[in-house]
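Structural description and commentary
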Amino acid sequence: MSFQSGINQMGGYVVTIDWDSSNFSLSPIRYEVRYASRNCDVIMARLKKHSDLLELANNSNVPVINGCCDKYHPCQALADLMTIYEVKGTYTGVTVTYVGIHNNVANSLIAGCITLGIKLLLVTPIINEASWDEELMQNAYQSGYIENLKSLSDAVRRTDFIYTDTWVDMEYFRNIDYHEEKNRRIQVMMPFQINKKNLGGYSPYIMHDMPIHPDFEIEEDLIESENSIIYQQAENRMHVQKSLLLHILET
């Protein structure tokens, strides 16, 4: 929606291709993208596998934007960083806490914080194996900006922003076959829920990339609380993606 609204506002238009109902589900990526890229100026792809996205980009005749994959979510990180700047007016001296599953969102936030010099505290009891990027994490720790903590209470007292994400990926949340893993994650993660008790009287700005599952990763009362900037963060996806598209089309 954010990409479609953005390009429409700038006078362009979108051709939406659903993977399962298109030739992409029938033919190797390298052949289909050679054709698809002859019909457009930019491709924004949301794919499950990072390897598929790389194949798409390597065989496209036009720029490919990673709209989301199992390893990275860079456009989300752009919106996150824009929101932090809007609120604080600077990146200097800012500390962000990410609490939740170490996933694609965490990876892109890590990369952004390293680039801009933002202190990022990670409270991530569970790691998505498909998301793990060893090279990124080595660079992260060497930068001095990234720190792992086991205690949410230790992070909360040091942070300006607290950011969480769903504990169960969208495609699995209502999947019966994922029920056992879903329950395991909830059991492990519930002590790390963003709630009034865990905030311990501190009042950091609250962030979430959506979709939200109330009373799982975040207590429902906090979603629209005074310190929540979740909707501002969500709106900024459209604004940064307009900027990204303009940058790509003008280079």
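All of these numbers come straight from a predicted model, not from anything done at the bench.

**Some remarks on the overall build of the protein chain**
Of the regular secondary structure elements, the protein chain holds 11 helices and 7 strands. Taken over C-alpha atoms, the radius of gyration comes to 19 Å for the protein chain, in line with the 18 Å a tight globule of 251 residues would show. Taking the principal axes of the C-alpha coordinates as reference, the protein chain spans close to 55 × 45 × 35 Å. For the protein chain, the proportion of its 251 residues judged to be buried stands at 47%. Counting only contacts in the protein chain whose residues sit at least 6 apart along the sequence, the fraction spanning at least 24 positions is 67%. Carbon and sulfur atoms make up 49% of the accessible area of the protein chain, which totals about 13300 Å². If the 20 positive side-chain charges of the protein chain are averaged to one point and the 32 negative ones to another, these points end up 3 Å apart.

**Overview of the state of the cysteines**
In total, this model carries 0 disulfides according to the counting rule given. Cys 75 supplies the cysteine sulfur nearest to Cys 40, a cysteine that is in no disulfide, at a spacing of 16 Å. The exposure class of Cys 40 is partly exposed, given its relative accessible area of 28%. We note that Cys 69 lacks a disulfide partner, and the nearest cysteine sulfur, in Cys 68, lies 6.6 Å from it.

**What to know about helix H1 (residues 2-9)**
If you check which residues of H1 are buried, you get Phe 3, Gly 6 and Ile 7. Looking down the long axis of H1, one finds its buried residues gathered within 90° of arc, a one-sided arrangement. Those residues of H1 hidden inside the fold are in contact with strand E1 (43-46), strand E2 (64-68), helix H4 (74-88) and helix H11 (230-250). Following H1 by one or two positions, Gly 11 has its phi on the positive side, about 95°.

**Digging into the packing of helix H2 (residues 29-36) against helix H3 (residues 50-59)**
One way to put it is that H2 packs onto H3 with a least axis distance of 8 Å and a crossing angle of 45°. The angle between H2 and H3 falls in the class oblique. The two elements H2 and H3 meet at a crossing, and its hand is right-handed. Here H2 contributes Ile 29, Arg 30, Val 33 and Arg 34 to the contact with H3, which in turn contributes Asp 52, Glu 55, Leu 56 and Asn 59.

**Some thoughts on the nonpolar core**
Counting 25 residues, the largest nonpolar core has Val 99, Ile 162, Ile 194 and Ile 218 as the members making the most contacts within it. Of all the secondary-structure elements, those providing two or more residues to this core are strand E3 (95-102), strand E4 (119-127), helix H7 (152-156), helix H8 (179-189) and helix H10 (220-223). When sequence neighbours within four positions are dropped, the list of residues in contact with Ile 218 reads Thr 164, Gln 193, Ile 194, Ile 206, His 208, Ile 212, His 213, Ile 223 and Ile 230. The next biggest cluster of nonpolar side chains, apart from the first, holds 22 residues, and it includes Val 94, Val 96, Met 207 and Ile 229.

**Looking at the pattern of salt bridges**
Once the charged atoms of two side chains with opposite charge are near each other, the side chains can pair. Across all of its chains, the model carries 9 salt bridges by this definition. Salt-bridge contacts for Asp 221 lead to Lys 196; the nearest nitrogen and oxygen are separated by 3.7 Å. Here the residue Asp 221 occupies a position in helix H10, and Lys 196 occupies one in helix H9 (residues 196-199), the gap between them amounting to 25 residues. Assessed through its relative accessible area of 56%, Asp 221 is described here as exposed. Taken together, the shared-partner salt bridges in this structure form one network comprising Lys 119, Glu 147 and Arg 158.

**Some remarks on the sheet that holds strand E7 (residues 205-208)**
The sheet built from 5 strands is open, its strands ordered E5-E4-E3-E6-E7 with parallel pairing. Edge strands, defined here as strands with exactly one partner in the open sheet, are strand E5 (146-148) and E7. Strand after strand, the sheet turns through a mean of 20° between neighbouring axes, direction not considered. One ladder, built from 7 bridges, connects E3 with E4; its direction is parallel. Residue pairing in the sheet places Ile 101 in a bridge with Ile 126 of E4. With respect to the sheet, H4 is in contact with E3, strand E6 (161-164) and E7, its orientation differing from that of E6 by roughly 160°.

Conventions adopted
What you see as residue numbers is a count from 1 along each chain, following the sequence as written. With the structure being a predicted model, the display of local features is reserved for residues of pLDDT at least 70 and the display and counting of side-chain atom pairs for 80 or more, all residues being used for whole-chain, interface and lining totals. Side-chain measures were taken over the full set of non-hydrogen atoms in the model, leaving aside hydrogen atoms and water. By definition, any uninterrupted DSSP run of H or I lasting at least four residues is a helix, any uninterrupted run of E lasting at least two residues is a strand, and each is numbered from the N terminus. Just to be clear, the radius of gyration here is over C-alpha atoms, and the globule rule we use is 2.2 Å times residues to the power 0.38. Three exposure classes are used, based on accessible area relative to the maximum for each residue type with a 1.4 Å probe and protein chains only: buried under 20%, partly exposed in between, and exposed over 50%. Here, residues are in contact when the closest pair of their heavy atoms is within 4.5 Å. To be clear on the numbers: accessible area is Shrake-Rupley with a 1.4 Å probe, and residue cover counts the displayed protein chains and nothing else. Charge assignment: positive for Lys and Arg, negative for Asp and Glu; neither His nor the chain ends contribute. Each charge is placed at NZ for Lys, CZ for Arg, CG for Asp and CD for Glu. Cysteine sulfur atoms that pair up within 2.5 Å are treated as a disulfide. It is the directions from the helix axis to the C-beta atoms whose arc is reported. Inter-axis angles, ranging from 0 to 180 degrees, are taken between N-to-C directions of lines fitted to C-alpha atoms, where helices are fitted over the stretch in contact. An angle counts as roughly parallel when it lies under 35 degrees, as roughly antiparallel when it exceeds 145, as roughly perpendicular when it falls between 65 and 115, and as oblique in every other case. Here a crossing is taken to be left-handed if its near helix is turned anticlockwise relative to the far helix by less than a right angle, and right-handed if that turn runs clockwise. The definition of a nonpolar core used throughout is a set of buried Ala, Val, Leu, Ile, Met, Phe, Trp, Tyr and Cys residues joined through side-chain atoms within 4.5 Å. The term salt bridge refers to a side-chain nitrogen of Lys or Arg lying within 4 Å of a carboxyl oxygen of Asp or Glu. In short, DSSP must find at least two bridges between two strands for them to pair.

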